[in-house]
Structure formats: structure tokens, C-alpha cells
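Per-entry structural report
This is what each chain is made of:
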Amino acid sequence: MFRHYIECQDPGRIISLLKNLPAPFSSFSYTLLPQYDLGPTTPSDQYGGFPECQLHKTGYIFFRNFPTTAIRGLAFPGGGLSVMITPADTDETIRLRIWHELLHTVQQPGQNPDDMDAWINDNLFRRIVRWLGILSEETWQRLYYDYLTGLIE
Ligand SMILES: [Zn+2]
């Protein structure tokens, strides 16, 4: 089970988004942190000080507009994840971002959450649907993450 550290003025929003993730990610425990508390993270050297969470099955979710980097999330296979939430994010954007990083932590060979295009192009039906442009990018992410989640034992 994952343990999430949440640093956000509206933690209820994050908690309900986490509960809306599919199993095995929808059961978790959490700790609320005061503003700017880095919890179990250390600032990353590689990613402009972005908080890095290396603890196994541990998430750090924080509300900030981190100025020094374009990244919004970090994860370590077999380790933890950190996800930044900005004022512009919709609920579904946040949910998909957290889901994406959670998938990185349980990544098996050949299941890379960053390889969505390869997954789409691998199948003629999906390729045609994508070419037709009838599904939003978030819908594709949902379908792909569902597929990856289904591969987790
Ligand atoms: Zn990724």
C-alpha cells in the first residue's frame, strides 16, 4: 500500500482524486504536511531542486508553481514519486499525473508510462482512431494507463 505525503491547502481534493484511481493505487494512507514542508523528499540535483522521493511506495504531492523546472512529476522504479500541482491543473490532469508517476514506481520491463505513442502505433485500430482525432489526449492517457495497470500483478 502506498503512503502519500500531501502538502496542499485543499488536501480533500487530492484525497478524493487518489480514491478515484484504479486498484492497486486506490488504497493508501496519507499524512498532511504544512505548507512548504518537504516531507520525506530531498531537493534533486538533476532536476533543479525538484523534491525527490526515493522511499519505497511513498508519494509526495505538493501544491506549488515550482519555478526552476518544466517537470511536474518524478518517480523511481521500485521507489517513490513526487507530483506537483499548479493552480492551472484540472482534477483529471492531476489524477492522470499522479497515476502516471505511480505506474513508474511499479514499472516492469516493456511497460513504460512514457511510451504511449508506441502503444498506439502498435495497433491498427488505435492508430486509425488517433488519426481521426476523436479522442482527447487525456482520454488516450486514461486508456493507456488502464492497460498498464492491468499488467500489474
Ligand atoms: Zn513519465
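Residues numbered from 1 in each chain as written. Predicted model: local features only at pLDDT ≥ 70, side-chain atom pairs only at ≥ 80, totals over all residues.

1. Concerning the environment of T41
Structurally, the position occupied by T41 is in the loop between β2 (28–32) and β3 (42–43). Exposure remark for T41: the 21 C-beta atoms within 10 Å place this residue in the buried category. (Helix = DSSP H or I, 4+ residues; strand = E, 2+ residues; numbered from the N terminus. Buried ≥ 20, exposed ≤ 12 C-beta atoms within 10 Å, placed from the backbone.)

2. Some details on the environment of C53
Summarising the element assignment, C53 is placed in the loop between β4 (51–52) and β5 (58–63). Judged by C-beta crowding, with 27 C-beta atoms within 10 Å, C53 ranks as buried. Taking the C-alpha atoms as reference points, C53 and P24, separated by 29 residues in sequence, lie 20 Å from one another. Not counting the four nearest positions on each side in its chain, C53 is found in contact with P40, T41, T58, G59, Y60, G80, L81 and S82. (Contact = placed C-beta atoms within 7 Å.)

3. Brief notes about the pairing of strand β7 (residues 81–85)
The side chains of a regular strand alternate, first on one face of the sheet and then on the other. Counted residue by residue, β7 has five buried out of five residues, so it is predominantly covered. By the alternation rule, side chains of β7 split into L81, V83 and I85 and S82 and M84, which are all buried. As paired strands, β5 and β7 are joined by five bridges and run parallel to one another. Across the sheet, F63 pairs through a bridge with I85, a residue of β7. In the sheet, strand β6 (residues 73–75) pairs with β7 via three bridges, with the strands oriented antiparallel. Counted as the bridge partner of G73 is V83 from β7. Counting the residues between successive antiparallel strands, the hairpin from β6 to β7 contains five residues, one of them, G78, with a positive phi of roughly 75°. (Pairing = 2+ DSSP bridges.)

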